[in-house]
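Residues per chain are reported as follows:
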Amino acid sequence: MKRNILPVLALLFGTLFLFTGNGLHSLLLPVRGTAEGYATTTLGLLGTTWATGFVLGCLTAPKLVRRIGHVRAFSGFISVIAVIALLTGIIVNPVWWVLLRAVTGFCTAGTSMIIESWLNERATNESRGAIFSLYIGITLIGAVAGQMMVPFADIHTPILFMWCGICYCIAMLPTTLSTAASPQPLKAVSLDLKALYRNSPVASIGILLVGIANGAYGTLGAVFGANAGLSDSNIALMMSTTIFAGAVMQLPAGRLSDRIDRRYVLAGMAAIAAIDGLLIFLLQPGHPYFLISMVVIYGAVANTLYPIAVAHANDFAAPQDFVKVSGGLLLLYGIGTIIGPTLGGPVMTSIGPYALFFVTAVAHVLITSYAIFRSRQRAAKPAGDREAYTTMPSANAQMITPESLSLARSDASKKEDTTVN
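Here we summarise the structure given alongside this text. No experiment lies behind these values; they were computed from the predicted model shown. (Residues numbered from 1 in each chain as written. Predicted model: local features only at pLDDT ≥ 70, side-chain atom pairs only at ≥ 80, totals over all residues. Heavy atoms only, no water.)

With that settled, consider the packing of helix H9 (residues 201-227) against helix H13 (residues 305-315). Running from amino to carboxyl end, H9 crosses H13 at an angle of 160°, the nearest separation of the two axes being 9 Å. Between H9 and H13, the angle is such that the two are roughly antiparallel. Considering the relative orientation of H9 and H13, their crossing is left-handed. Taken together, the residues of H13 that come into contact with H9 (itself represented by Val-202, Ala-203, Ile-207 and Val-210) are Leu-305, Tyr-306, Ala-309, Val-310, His-312 and Ala-313. Grouping the constituent residues of the contact of H9 with H13 by class yields 9 nonpolar, 1 polar and no charged. (Axes fitted to C-alpha atoms, helices over the stretch in contact; angles between N-to-C directions. Helix = DSSP H or I, 4+ residues; strand = E, 2+ residues; numbered from the N terminus. Parallel < 35°, antiparallel > 145°, perpendicular 65-115°, else oblique. Left-handed = near helix turned anticlockwise from the far one by under 90°. Contact = heavy atoms within 4.5 Å. Nonpolar A, V, L, I, M, F, W, Y, C, P; charged D, E, K, R; others polar.)

Here is the structure:
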């Protein structure tokens, strides 16, 4: 284990601080924006523009990395992120915040892809599972640690924005100072949405809807908490425990989907998320811990949907089409995360903060309905012929990149690709 982890330990150390900065900045902006009285629709645009930048980064950043190299690209991307984090603390203006979040999203995609490609190249078939599990754990710890920093300083001052900049600068050091050889060039995302839909209609439609729900909650969850009367510390607790609950629930849900039709598991988890969301919307619980517990249940089931849908798509895909399928799913999820906050903001403005969970419930009801409908149209893949389920980074902790999907691949898939190629 030590022999497998030591070569990437410095990189993982930098990853921890990168996601700490990401977690702090992504929660700090909506909390500070709510305190400044910014409209919910405007705060929703913070997520819309970030997701737009992230998707564009996944599509175009590989070309830039190939041109200037991994180390220089990584340093450039993270320098821009650090500068923007500091600027948002100095220029407290909603228009600038919305515009700058698009740049942050683009650069975040670049940094994540570089880290993941580095880990992917250093991993062997024997160490891949350990490295990927450690990577997921570090992203979760970093995101949660960043969010939990919010209650420890006055959000009306630039202090927390400065801590974001410090975290990003520390994250840059390991790769900048490393003498290890750069990994192979990043793979461009391959897109064929028609072929992807023919391969798996449930995965295609489902992941688009998952993106809508996750994008709405991930961006506006903190705004909901503030308008529902939660303190800064309780908002941080709600957002953090939701991430952890989703991470813990992934494995049992995934193992269940390995045994029965994944579409039934997808429908069941989406139904629970829909029911829980509707209960939050209708009951509007006022007690902080009761409200947080209901939101945690939501996060536990909602964060299982993406990896189950990916596994279902892979069940019907040929090994050589993995990258193409991954790229298409990534684009659909990104489109969903752009739509979600754009819809959620105006709905919350019109109906109230609890309407956020009405938006997510509608998306989850549609997932349940379509998964059940499609289960009547095509037989499930036999359990022995399915791609093994693999856990994914929690959707509320980070967006998925093509490189993380590649890093997550099972040993069997790697061997199949070698045989095909």
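What the rule picks out here adds up to 13 aromatic pairs. Note on Tyr-298 and Phe-357: the rings are 5.4 Å apart at their centroids and 90° apart in plane angle, and the pair reads as edge-to-face. Within this pair, whereas Tyr-298 is found in helix H12 (residues 288-302), its partner Phe-357 is found in helix H15 (residues 356-375), the two being separated by 59 residues in sequence. Each member of the pair Tyr-298 and Phe-357 is classed as buried. When the ring of Tyr-306 is compared with that of Tyr-333, the centres are 4.9 Å apart and the planes differ by 75°; the resulting orientation is edge-to-face. Here the residue Tyr-306 occupies a position in helix H13, and Tyr-333 occupies one in helix H14 (residues 322-351), the gap between them amounting to 27 residues. With respect to class, Tyr-306 is no different from Tyr-333; both count as buried. A connected cluster of aromatic rings, assembled from ring pairs, spans Tyr-217, Phe-224, Tyr-298, Tyr-354 and Phe-357. (Phe/Tyr/Trp six-rings, centres within 6.5 Å; stacked < 30°, edge-to-face > 60°. Buried < 20%, exposed > 50% of the residue type's maximum accessible area, 1.4 Å probe, protein only.)

For Asp-276, the location among the structural elements is in helix H11 (residues 262-283). Of the side chains bearing the opposite charge, Arg-101 lies closest to the buried Asp-276, which forms no salt bridge; the N-O distance is 24 Å. Among the polar contacts made by the side chain of Asp-276, one reaches the main-chain amide nitrogen of Tyr-298 at a distance of 3.3 Å. If sequence neighbours within four positions are ignored, Asp-276 has contacts with Met-294, Val-295, Ile-297 and Tyr-298. (Lys, Arg positive; Asp, Glu negative; His and termini not counted. Salt bridge = Lys/Arg side-chain N within 4 Å of Asp/Glu carboxyl O. Polar contact = N/O pair within 3.5 Å; in protein donor to acceptor, adjacent residues only side chain to side chain.)

Once that is clear, we can look at the pattern of salt bridges. Tallying each qualifying case throughout the model produces 4 salt bridges. The shortest N-O distance in the salt bridge between Glu-36 and Arg-32 comes to 2.9 Å. When its relative accessible area of 36% is taken as the criterion, Glu-36 is described as partly exposed. Judged by its relative accessible area of 6%, Arg-32 falls in the buried class. With a shortest N-O distance of 2.9 Å, Arg-263 and Asp-261 are connected by a salt bridge. Comparing Arg-263 with Asp-261 shows no difference in burial state: the two are buried. Residues participating in the shared-partner salt-bridge network are Arg-255, Asp-258 and Arg-262.

Looking now at the packing of helix H4 (residues 70-90) against helix H5 (residues 94-122). Running from N to C, H4 and H5 point in directions that differ by 150°, and their axes come no closer than 9 Å. One element, H4, and the other, H5, form an angle in the roughly antiparallel class. In this structure, H4 meets H5 at a crossing whose hand is left-handed. Taken together, the residues that form the contact of H4 with H5 break down as 17 nonpolar, 7 polar and no charged.

Below, the discussion takes up H13. The buried fraction of H13 amounts to 11 of the 11 residues, a majority that puts the element mostly inside the structure. Within H13 the residues assigned to the buried category are Leu-305, Tyr-306, Pro-307, Ile-308, Ala-309, Val-310, Ala-311, His-312, Ala-313, Asn-314 and Asp-315.

Our focus in this paragraph is the environment of Gly-344. Along the chain, Gly-344 falls in helix H14. Accessibility expressed as a relative area gives 0% for Gly-344, which makes it buried. Taking the C-alpha atoms as reference points, Gly-344 and Leu-45, 299 residues apart in sequence, are found 9.8 Å from one another. Residues in contact with Gly-344, not counting those within four places in the same chain, are Leu-220 and Val-359.

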